[in-house]
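# Chains, contacts and geometry: an overview
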Amino acid sequence: MGDSALQLSDPPDEQPLQLQRRDDGDGQWRFDHSDDAGENDTGDVVAMSWCDDRLPATAANVAAAIIGVAIAWSLLYVNVSPELMAVPGGSLSSIFMLYVIGAVAGWLINKMIGLPPRFGMLLAGIALQNAGLYSVTGWCSHLVSFIREVSLAVTLINGGLELDANQLRRLSGVVAKLTLLPCLAEAAAVGIAAHLILPGFSWQWSLVLGFTLSAVSPAILVPGLFQLKRLGYGEVKGVNTLLIAASSLDNIVSICAFRIVLGVLFMTGSVTSKIIQGLIDVSIGTVLGVIWGFFLIFVPPSPWAMIYKKPKTENTITSQRLNRLITAKRSFLLGAGGFLVMTGSRWCGYPVAGPLACIISAFVASTGWRWRLKMQNRNNPTISVDENCGDEDQDQEKPVEKVFEYVWDGLQPSVFAFLGTDIKFELLKNLDKVLVGLLVLTFGITVRMIVTTCSVLGSGFSRKEIIFVNISWLPKATIQAILAPFALIIAKDLGTPEDIECGTRLVTIAVISILFTAPIGSIGIKLFGPRLLPRAN
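Values in this document were obtained by computation on a predicted structure and should not be read as measured data.

## Let's talk about the overall build of the chain
- Helices and strands together make up the secondary structure of the chain, namely 18 helices and three strands.
- Here the chain displays about 25800 Å² of accessible surface, and carbon together with sulfur accounts for 65% of that area.

As structure tokens, then:
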């Protein structure tokens, strides 16, 4: 495995500005731009007054957030019925408080303790539910389900956009082994343990639980790996590149298998008809994804299309507006189309087709955008466009991907806080249930680590690097927070009381997996990365 095949491009390092504050006695603060040698470089930047100092600026930032929340609350209070905004008991007020408190809790736990924000959001949901401050009924419960389904669609689209065809081609062998073998092994191990240990869990429910827990969390894994990469760790043999590529595919495999097993669980008919239905679902999802993704490569037209022909003297502002307009169109079509196929496929009786089409369409469209930009740059070396594509030899911005990252950032507090509201202390009073859940989780992780080690043996990695790969493969968060409540919702809509009990137990185990593995994985990557990975010169 060559080093050049495993390099992950990173934006060029920016030289930080060294700012020296001084007061010239004229009522204004001035900041000198100095380089590392302490020499003045580009002159002074004027801070208008004392309010731009650190403490006043921080206070102003906090005040802006508080006032913004107050305005949003007031708008809801004066425009909807008082019953919905009552505290406690109002459905809309419950959702509003859950989002705000979840966001604040996530920020605090990240700044004060260094744990992932999702940990704080999850705890906020548990606290509000058990304090009697969360109660959602009527159409607001459908709103919660809608938010969860949108979150799943955004997660799937993000997964498709993050896949790089060139990178997958270079690392196909190792990535395939590291994606498929540990994921399937953990799902099978959890499924067997759940069927034997958990009361009332059929083989189908056991596998649903297995594929819910088998996904790792790129939201925790990737930031830690990029931080190590900037410091030069893990670049010698491309460990970072391998893990980032494999984590996205791992999520895709888990989600698709989850939807297939869940679909089989609630389908009627014989086993043969269920298998045939599953194959039809996969075929429809693949065809829809390819067609929609191929369509988005050419619609809307690229910035260099003749209808956008620019004058000889290029107007930078006009060019930027054009790029933003095309990014907005592509983002809307990809997102709205993905959500439509998610809901429409279930409405038509093909629930597995939607998620698969979401992933494939995003991957096909993103790959096509990269290819078209590469061809355009080859024919017009001087052209400069800002599009959701990039050459393999240089890092370029991906605005469509960034749009969906921003959307996910906005959805996160509700997703993890909503998951917390599914946990009631009554469910945890029976310590045996918690211990059994931990036993199932631990057995699955143990099998995953054994198979992960076997998957990367012979790939040129040292013993320390293999240990780090296993640590990185621990954290669970995003997919569990989305899939577990989704399974419970389907059980409530289509299942029996026994199915609802299994769905509730599944949510409890998913929460336990997040509470235990997310902090361990996050801290483990930061703590052991510099100790286990060689540093590039």
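There is more to say after this.
## Topic: the environment of Gly460
- Here Gly460 shows up in the loop between helix H15 (431–456) and helix H16 (463–472).
- The class for Gly460 is partly exposed, based on a relative accessible area of 46%.
- Setting aside its immediate chain neighbours within four residues, Gly460 contacts Lys237 and Glu465.

## Focus on the pattern of salt bridges
- Taken as a whole, this structure holds three salt bridges when the rule is applied.
- The partner of Lys476 in a salt bridge is Glu186, and the shortest N-O contact between them spans 3.0 Å. Here Glu186 lies in helix H6 (residues 172–197) and Lys476 lies in the loop between H16 and helix H17 (478–494), a separation of 290 residues in the sequence. Exposure class is identical for Lys476 and Glu186. Each is buried.
- For Asp250, the salt bridge identified is with Arg448, shortest N-O distance 3.0 Å. A residue pair is termed long-range when its members are at least 10 positions apart, and Asp250 in helix H9 (residues 239–266) and Arg448 in helix H15 qualify at 198 residues. There is no split in this pair, since Asp250 and Arg448 are both buried.

## Notes on helix H4 (residues 139–162)
- For H4, with 24 residues, the first-to-last C-alpha span of 35 Å sits near the 34 Å given by 1.5 Å per residue.
- With respect to burial, H4 is a largely interior element, 17 of its 24 residues being buried.

## Regarding the packing of aromatic side chains
- All told, the structure shown has four aromatic pairs when counted by the stated rule.
- Centroid distance Trp292 to Phe295: 5.4 Å. Interplanar angle 15°. Geometry classified as stacked. Of this pair, Trp292 and Phe295 are both found in helix H10 (residues 271–298), three residues apart, which corresponds to roughly one turn of the helix.
- Classification of Trp292 as partly exposed rests on a relative accessible area of 26%.
- Ring geometry for Phe294 versus Phe298: centroids 5.3 Å apart, planes at 65°, classification edge-to-face. Remark: Phe298 and Phe294 occur in helix H10; sequence separation between them is four residues, near one turn of the helix.

## Remarks on the nonpolar core
- Trp205, Leu209, Leu262 and Phe468 are the most contacted members of the largest nonpolar core, which has 117 residues in total.
- When residues no more than four places from it in sequence are discounted, the contact partners of Trp205 are Leu265, Phe266, Ala487, Ala491, Asp499, Cys502, Gly503 and Leu506.

## Remarks on a nonpolar patch on the surface
- On the surface, Val104, Trp107, Leu108, Met112 and Ile113 cluster together into a nonpolar patch covering about 560 Å² of accessible area.
- Here Trp107 lies in helix H2 (residues 91–112).
- Residue class for Trp107 comes out exposed when judged on its relative accessible area of 52%.

## Some thoughts on the packing of H9 against H17
- Packing of H9 against H17 brings their axes to within 12 Å, and their N-to-C directions diverge by 10°. Relative to H17, the element H9 is oriented roughly parallel. Only Ile479, Leu483, Phe486, Ala487, Ile490, Ala491 and Leu494 of H17 make contact with H9, whose side of the interface consists of Asn251, Ile255, Phe258, Arg259, Leu262 and Phe266.
- Taken together, the residues of the contact of H9 with H17 sort by class into eleven nonpolar, one polar and one charged.

## Points about unusual backbone geometry
- The amide bond that connects Val299 to the next residue, Pro300, takes the cis arrangement and shows omega of 0°.
- Relative to the elements of secondary structure, Pro300 occurs in the loop between H10 and helix H11 (316–347).

## Brief notes about the side chain of Gln480
- Counting through the fold element by element, Gln480 comes out in helix H17.
- Once residues lying within four places of it in the same chain are set aside, the contact partners of Gln480 are Thr212, Leu213, Ser214, Ala215, Pro485, Ala510, Ser513 and Ile514.

## What about helix H13 (residues 399–421)?
- Along its 23 residues, H13 runs 34 Å from first to last C-alpha, staying within 8% of the 33 Å computed at 1.5 Å per residue.
- Considering bend angle alone, the principal kink of H13 is centred on Leu411 and spans about 45°; proline Pro413 follows within four residues of it.

## Section: the side chain of Arg448
- In this structure Arg448 comes out as buried when scored by relative accessible area, which is 2%.
- Residues contacting Arg448, with those up to four places away along its chain left out, are Pro182, Cys183, Glu186, Ser214, Val216, Asp250 and Trp473.

## Description of the packing of H16 against helix H18 (residues 497–532)
- Two elements in contact, H16 and H18, have axes whose closest approach is 9 Å; the angle formed by their N-to-C orientations is 165°. What the angle tells us is that H16 and H18 run roughly antiparallel. With respect to the hand of their crossing, H16 and H18 are arranged in left-handed fashion. Here Lys464, Glu465, Ile467, Phe468, Ile471 and Ser472 of H16 lie close against H18, whose contacting residues are Gly521, Gly524, Ile525, Phe528, Gly529, Arg531 and Leu532.
- Residue classes in the contact of H16 with H18 are distributed as six nonpolar, four polar and three charged.

## Quick notes on the confidence of the model for the chain
- Here the chain shows a mean pLDDT of 80. Residues at 70 or above account for 84%.
- Mean pLDDT values over the elements of the chain span from 46, in strand E1 (residues 18–23), up to 93, in helix H7 (residues 203–213).
- Counting interchain partners and residues more than four positions distant, the pLDDT-below-50 stretch residues 1–43 has 83 contacts.
- Under a pLDDT of 50 for its full length, residues 383–396 has, in the predicted model, 46 contacts with residues more than four places off or in other chains.

Calculation rules
- Residues numbered from 1 in each chain as written.
- Predicted model: local features only at pLDDT ≥ 70, side-chain atom pairs only at ≥ 80, totals over all residues.
- Heavy atoms only, no water.
- Helix = DSSP H or I, 4+ residues; strand = E, 2+ residues; numbered from the N terminus.
- Areas by Shrake-Rupley, 256 points an atom, 1.4 Å probe, with all protein chains shown as cover.
- Buried < 20%, exposed > 50% of the residue type's maximum accessible area, 1.4 Å probe, protein only.
- Contact = heavy atoms within 4.5 Å.
- Salt bridge = Lys/Arg side-chain N within 4 Å of Asp/Glu carboxyl O.
- Expected span 1.5 Å × (residues − 1).
- Phe/Tyr/Trp six-rings, centres within 6.5 Å; stacked < 30°, edge-to-face > 60°.
- Core = buried A, V, L, I, M, F, W, Y, C linked by side-chain atoms within 4.5 Å.
- Patch = residues over 30% accessible without salt bridge, like charges linked within 9 Å, V, L, I, M, F, W, Y side chains within 5 Å.
- Axes fitted to C-alpha atoms, helices over the stretch in contact; angles between N-to-C directions.
- Parallel < 35°, antiparallel > 145°, perpendicular 65-115°, else oblique.
- Nonpolar A, V, L, I, M, F, W, Y, C, P; charged D, E, K, R; others polar.
- Bend = angle between axes of the 7 residues up to and from the residue.
- Left-handed = near helix turned anticlockwise from the far one by under 90°.
- pLDDT = per-residue confidence, 0-100.

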